[in-house]
Amino acid sequence: MERKRPTIHDVAEAAGVSRGTVSRVLNGLPNVSLAAEVAVRRAVNDTGYVVNRAARSLKTSRTGSIVMVLSEPQERLFEDPNFSVLMRAATNRLADRDMSLVLMIAGDDGGRDRVARYLRGGHADGALLISTHAGDPLLEAVERSGVPAVACGAVLGRTSAIRYAAADDRGGARLITEYLVGQGRRKIGMITGPLDTPGGALRMEGFTSVLGRKVAKRMVVHGDYTQAGGERAMTALLKSVPALDAVFVASDLMAAGALQALQRAGRAVPGDVAVGGFDDSAIAAATSPMLTTVRQPLDQVADEAVRMLMALLDGEPAESVVLPTELVVRGSA
């Protein structure tokens, strides 16, 4: 005979607590003693009880899932290590609330439409927005859906409407630019990220705030956060500024491409050209020479974003958070 599935009554009996206490623990609600919570979780493991999410959804109007929306082409998900860090940290934090993470790609019109329909259909309790772009119609669709949303990174043009957790992009760019100046570099260029993203716009602001009038337009080339884009941008920068002796690249992935272009051009790093990146991703320690870069605490960014989203779901206030960055000096500068 098929074994009967354990119920919440079985968990309560095994834990020696009431059904109400079991329910509060399983739903992540407050006012449960630590001893009771430990007993319930042990009973869940011992009995093999599995939450009936369909029944819970009908009762609470919650789906038990959060959708993470990446506003980039699908290939960027696998190329850029920052996204996997954000996903891992968000998944771990959501597990504390017994919630699941659903990833959706919104890098084109079709993807944006699918995300908008998904949210309007009530399939997720909230949304985590990754790599937002200013003017993206998806942002308005997210707001219209009524689904609580928090962004990892400031949402340009909507910072008052969409709460966010972010690293200090502007301050981090100042740190590395000041470091390059302090190393005696005089012809310092920059490869930016896309200027419709917070990392693109704010990191360029930090760079120019240090150098001021010393920055000519020809010393700034716009990149796309890809390694190939960094290589192309570095080649263009060397052509427009032959005497270049340093470059700040707005991501480690682009900086890896920039190093390839410099090697091909016969420029020694850091002897001829010092190179600084941004992220302190796994790539920074894998290049030759290893990258001097700005560490942004992506684990904390994701952790704060999930915390804020949970607060919104619980009807509590949540304010945007900007986390400090740190300069990491290695061999490239």
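Looking at an unreviewed UniProt entry, the protein carries the name LacI family DNA-binding transcriptional regulator, with the source organism given as Glycomyces rhizosphaerae.

A. Examining the sheet that holds strand E4 (residues 149-152) more closely. Taken together, six strands build an open sheet; the order of strands is E2-E1-E3-E4-E5-E11 and the sheet is parallel. Both edges of this open sheet fall to strand E2 (100-105) and strand E11 (321-323), since each of them pairs with a single strand only. Averaged over all adjacent pairs, the angle separating strand axes in this sheet is 20°, with direction ignored. Bridge count for strand E5 (residues 163-167) against E11 is three bridges, and the pairing is parallel. Following the sheet pairing, alanine 165 is matched in E11 by valine 321. The sheet contacts of helix H6 (residues 81-95) involve strand E1 (65-70), E2, strand E3 (126-130) and E4, and relative to E2 the element is tilted by about 150°.

B. Spatial organisation of the side chain of serine 65. Mapped onto the elements, serine 65 comes out in strand E1. According to the relative accessible area criterion, serine 65 is buried, its value standing at 9%. Within polar-contact distance, the side chain of serine 65 engages the backbone oxygen of histidine 123 at 3.2 Å. With residues up to four places along the chain from it excluded, the contact list for serine 65 reads Met99, Ser100, Val102, His123, Ala124, Asp125 and Gly126.

C. Broad picture of the nonpolar core. Grouped together as the largest cluster of nonpolar side chains are 40 residues, with contacts concentrated most on Ile191, Met234, Val247 and Val275. Sorting the residues of this core by element identifies helix H9 (169-182), strand E6 (188-192), helix H10 (198-211), strand E7 (220-222), helix H11 (227-240), strand E8 (246-249), helix H12 (252-264) and strand E9 (274-276) as the ones contributing at least two each. Looking at which element gives the most residues to this core, the answer is H12, with six residues. In this structure isoleucine 191 touches Val221, Gly223, Gly230, Ala233, Met234, Leu237, Val247, Phe248, Val249, Ala250, Met254 and Ala258, once residues within four positions along its chain are discounted.

D. How the structure looks around the side chain of glutamate 72. With respect to the helices, strands and loops of the structure, glutamate 72 is situated in the loop between E1 and helix H5 (74-79). Look at glutamate 72 and you get buried, because its relative accessible area is 7%. One polar contact links glutamate 72 to arginine 76, side chain to side chain, over a distance of 3.2 Å. Excluding anything up to four places from it in sequence, glutamate 72 contacts Phe83, Ile105, Ala106, Gly107, Ser131 and His133.

E. The arrangement of the environment of glycine 206 in detail. In this structure, glycine 206 sits in helix H10. Remark: the alpha-carbon pair of glycine 206 and arginine 307, spanning 101 residues in sequence, is separated by 28 Å. Setting aside its immediate chain neighbours within four residues, glycine 206 contacts Arg170, Ala173 and Arg174.

F. Inspection of the sheet that holds E6 at higher detail. Strand order in the open sheet made by the four strands is E7-E6-E8-E9, with parallel pairing throughout. Because the sheet does not close on itself, it has two edges, and the strands there are E7 and E9. When strand polarity is set aside, the average angle formed by the axes of neighbouring strands in this sheet is 15°. Where E6 meets E8, four bridges bridge the pair, whose relative direction is parallel. Following the sheet pairing, glycine 189 is matched in E8 by valine 247. The strands touched by H10 within the sheet are E6, E7 and E8, with E6 carrying the most contacts at an inclination of about 170°. On top of the sheet, H11 reaches E6, E7 and E8; it is set at about 150° to E6, its chief contact.

G. The arrangement of the packing of helix H1 (residues 8-15) against helix H2 (residues 19-26) in detail. Direction vectors running N to C along H1 and H2 enclose 105°, while the axes themselves pass 9 Å from each other. Taken together, H1 and H2 sit at an angle that is classed as roughly perpendicular. Taking contact as the criterion, the partners of Ile8, His9, Val11 and Ala12 in H1 are, on H2, Arg19, Val22 and Ser23. A per-class count over the contact of H1 with H2 returns four nonpolar, two polar and one charged.

About the thresholds
- Residues numbered from 1 in each chain as written.
- Predicted model: local features only at pLDDT ≥ 70, side-chain atom pairs only at ≥ 80, totals over all residues.
- Heavy atoms only, no water.
- Pairing = 2+ DSSP bridges.
- Helix = DSSP H or I, 4+ residues; strand = E, 2+ residues; numbered from the N terminus.
- Axes fitted to C-alpha atoms, helices over the stretch in contact; angles between N-to-C directions.
- Contact = heavy atoms within 4.5 Å.
- Buried < 20%, exposed > 50% of the residue type's maximum accessible area, 1.4 Å probe, protein only.
- Polar contact = N/O pair within 3.5 Å; in protein donor to acceptor, adjacent residues only side chain to side chain.
- Core = buried A, V, L, I, M, F, W, Y, C linked by side-chain atoms within 4.5 Å.
- Parallel < 35°, antiparallel > 145°, perpendicular 65-115°, else oblique.
- Nonpolar A, V, L, I, M, F, W, Y, C, P; charged D, E, K, R; others polar.

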